[in-house]
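# Commentary on secondary and tertiary structure
Letter by letter, the chains look like this.
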Amino acid sequence: MALIGIMDSGSGGLSVFREIRKVLPQERYVYFADNAHCPYGSKTTDYIQDRLRRITNYFLWRGASVMVLACNTATAAAIEMLRREYPIPFVGMEPAVKPAALGTRTGVIGILATAGTLKGSKYLTTKGRFEGNVRIEEHVGQGFVELVEKGELTGLHAEDVVRKSLVPLLDEGADRIVLGCTHYPFLLDTLRKVAADSGHADVEFIDPAPAVARRLAGILEENGIPLTDGYPGTELLSSGPRDNLIMLACGRDSSLCP
């Protein structure tokens with residue numbers, strides 16, 4: 001039976017996990033938040049790859065059949081290395097440039113992501129396929145990860161932090177904003193409020209998590225990985241404090257509670 005390992009630099013990957021649970025509700029999961037080393041966005045590639053090797057080795061020891069990198073920065077820095085060095089399938093994140101480009105009315109889309117993701121070859125390749133047809137504006141979600149890790153999802157301070165990164169994209173005419181970090185969907189209420197307060201209530205925020213969940217289901221089928229035999233479950237682990245991890249998992253979606 002399958003054990004699915006899911007990792008993120010912190011709690012943000014829970015936004016992906018909740019979509020995975022909708023598609024595959026009966027599986028066994030271990031979610032690992034590397035919050036003692038969060039955020040990854042400012043770390044070097046070598047540092048992130050070392051962390052991913054350690055986490056992957058742990059998942060293999062636990063018997064994982066497949067691993068999800070529910071972290072855009074980790075995907076950009078390490079997924080190709082992991083696929084070369086380890087025998088199990090890996091599912092990663094990619095900013096949803098395509099649906100944003102196909103859906104824009106203004107011809108301008110915005111990408112909110114970490115610095116590591118915006119420099120990654122996977123994102124740059126995807127960007128290159130579409131930037132001839134639409135204008136792509138980018139901005140690092142400065143302070144977004146820290147807000148989520150502290151559980152500060154709404155309020156005046158959260159709005160101020162979000163405004164500094166979001167409004168420049170709106171001012172450029174972006175009507176589709178890609179959330180290029182798995183932490184960012186937890187700030188959707190604040191993102192929408194700031195957009196509305198700035199006169200852009202009709203902007204659409206695009207989360208790639210549902211597509212990742214569908215891809216994981218396809219990977220299980222393609223690789224003949226058996227589903228569980230009636231003993232689903234979830235473990236939430238972290239390299240640092242677990243309080244916010246449990247709060248986000250149980251407060252936002254009780255189905256993710258261990």
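Definitions and cut-offs
- Residues numbered from 1 in each chain as written.
- Predicted model: local features only at pLDDT ≥ 70, side-chain atom pairs only at ≥ 80, totals over all residues.
- Heavy atoms only, no water.
- Helix = DSSP H or I, 4+ residues; strand = E, 2+ residues; numbered from the N terminus.
- Rg over C-alpha atoms; globule rule 2.2 N^0.38 Å.
- Buried < 20%, exposed > 50% of the residue type's maximum accessible area, 1.4 Å probe, protein only.
- Contact = heavy atoms within 4.5 Å.
- Core = buried A, V, L, I, M, F, W, Y, C linked by side-chain atoms within 4.5 Å.
- Axes fitted to C-alpha atoms, helices over the stretch in contact; angles between N-to-C directions.
- Parallel < 35°, antiparallel > 145°, perpendicular 65-115°, else oblique.
- Left-handed = near helix turned anticlockwise from the far one by under 90°.
- Arc of directions from axis to C-beta.
- Salt bridge = Lys/Arg side-chain N within 4 Å of Asp/Glu carboxyl O.
- Pairing = 2+ DSSP bridges.
- Right-handed = clockwise from strand over helix to strand, strands pointing away.
- Polar contact = N/O pair within 3.5 Å; in protein donor to acceptor, adjacent residues only side chain to side chain.
- Phe/Tyr/Trp six-rings, centres within 6.5 Å; stacked < 30°, edge-to-face > 60°.
- Lys NZ or Arg CZ within 6 Å of the ring centre and 35° of its normal.

What follows concerns the overall build of the protein. Helix and strand content of the protein: eleven helices and nine strands. For the protein, the C-alpha radius of gyration of 18 Å lies close to 18 Å, the compact-globule estimate for 258 residues. Out of the 258 residues belonging to the protein, those deemed buried represent 55%. Counting contacts in the protein only where the partners sit at least 6 residues apart, residues at least 24 apart contribute 77% of the total.

Attention now moves to the nonpolar core. Ranked by size, the top nonpolar core spans 56 residues in total, and within it Leu14, Leu166 and Leu191 carry the most contacts. Per element, the largest residue contribution to this core is seven residues, and it comes from helix α8 (residues 156-171). Those residues in contact with Leu191 that sit more than four places away from it in its chain are Leu112, Phe144, Val162, Leu166, Leu179, Tyr184 and Phe205. Listed in part, the 22 residues of the second largest apolar core include Leu3, Phe32, Ala64 and Met67.

Moving on: the packing of helix α1 (residues 14-23) against helix α10 (residues 209-222). The description of two helices packed together rests on the angle between their axes and the distance between the axes. Here α1 crosses α10 at 50°, and the two axes come no closer than 8 Å. Taken together, the axes of α1 and α10 lie oblique to each other. The way α1 lies across α10 gives a crossing that is right-handed. In this structure, α1 contributes Ser15, Val16, Glu19, Ile20 and Val23 to the contact, and α10 contributes Ala209, Pro210, Val212, Ala213, Leu216 and Ala217.

Considered for burial, the residues of helix α6 (residues 121-130) that qualify are Tyr123, Thr126, Lys127 and Phe130. For α6, the angular spread of buried residues about the axis comes to 100°, placing them on one side. The exposed residues of α6 that point more than 90 degrees off its buried face are Ser121 and Arg129.

With that out of the way, let us pick up the pattern of salt bridges. Note that side chains of opposite charge can pair when their charged atoms are close. Going through the model one piece at a time under the given rule, you end up with 19 salt bridges. In this structure, the salt-bridge partner of Arg62 is Glu235, at a minimum N-O distance of 2.4 Å. You can see Arg62 sitting in helix α2 (residues 45-62) and its partner Glu235 sitting in strand β9 (residues 233-238), a full 173 residues away along the chain. Ionic contacts of the salt-bridge type, sharing partners, join the residues Arg135, Glu137 and Glu172 into one network.

Right, let's get into the sheet that holds strand β3 (residues 66-69). The five strands are arranged β4-β3-β1-β2-β9 in an open sheet whose pairing can be described as parallel. With one partner strand each, in any of the chains shown, β4 (90-91) and β9 form the two edges of the open sheet. By the bridge criterion, four bridges tie strand β1 (residues 3-8) to β3 in an arrangement that is parallel. Among the inter-strand pairings, Ile4 is bridged to a residue of β3, identified as Val66. Contacts from α1 reach β1, β2 (28-33), β3 and β9 within the one sheet, and its direction differs from that of β2 by about 170°.

Another aspect to go through is the pairing of β2. With respect to burial, β2 is a largely interior element, five of its six residues being buried. When β1 meets β2, the two strands line up parallel, connected through six bridges. What sits directly across from Asp8, in β2, is Ala33. Tracing the backbone out of β1, into α1 and back to the parallel element β2 gives a crossover that is right-handed. Here six bridges tie β2 to β9, and the two strands are oriented parallel to one another. Its bridge partner lying in β9, Phe32 is registered against Leu237.

Within the secondary structure layout, His183 lies in the loop between β7 (176-180) and α9 (188-197). Residue class for His183 comes out buried when judged on its relative accessible area of 1%. A polar side-chain atom of His183 sits 3.3 Å from the main-chain amide nitrogen of Gly12. Setting aside residues up to four positions removed in sequence, His183 forms contacts with Asp8, Ser9, Gly10, Ser11, Gly12, Cys38, Val145, Val148 and Glu149.

In this structure the tally under the stated criterion is six aromatic pairs. Between Phe144 and Tyr184, the ring centres sit 4.9 Å apart and the planes meet at 65°, which makes this aromatic pair edge-to-face. Here Phe144 is found in helix α7 (residues 144-150), whereas its partner Tyr184 is found in the loop between β7 and α9, with 40 residues between them in sequence. Judged by its relative accessible area of 0%, Phe144 is buried. Among the residues examined, Tyr184 registers a relative accessible area of 1% and is labelled buried. Site record: aromatic cluster; members linked through ring pairs are Phe17, Tyr29 and Tyr31. Here the guanidinium or amino end of Arg18 rests over the ring plane of Phe186, the centre of that ring lying 5.1 Å away.

Honestly, that's just the spatial picture; any functional story needs more than this.
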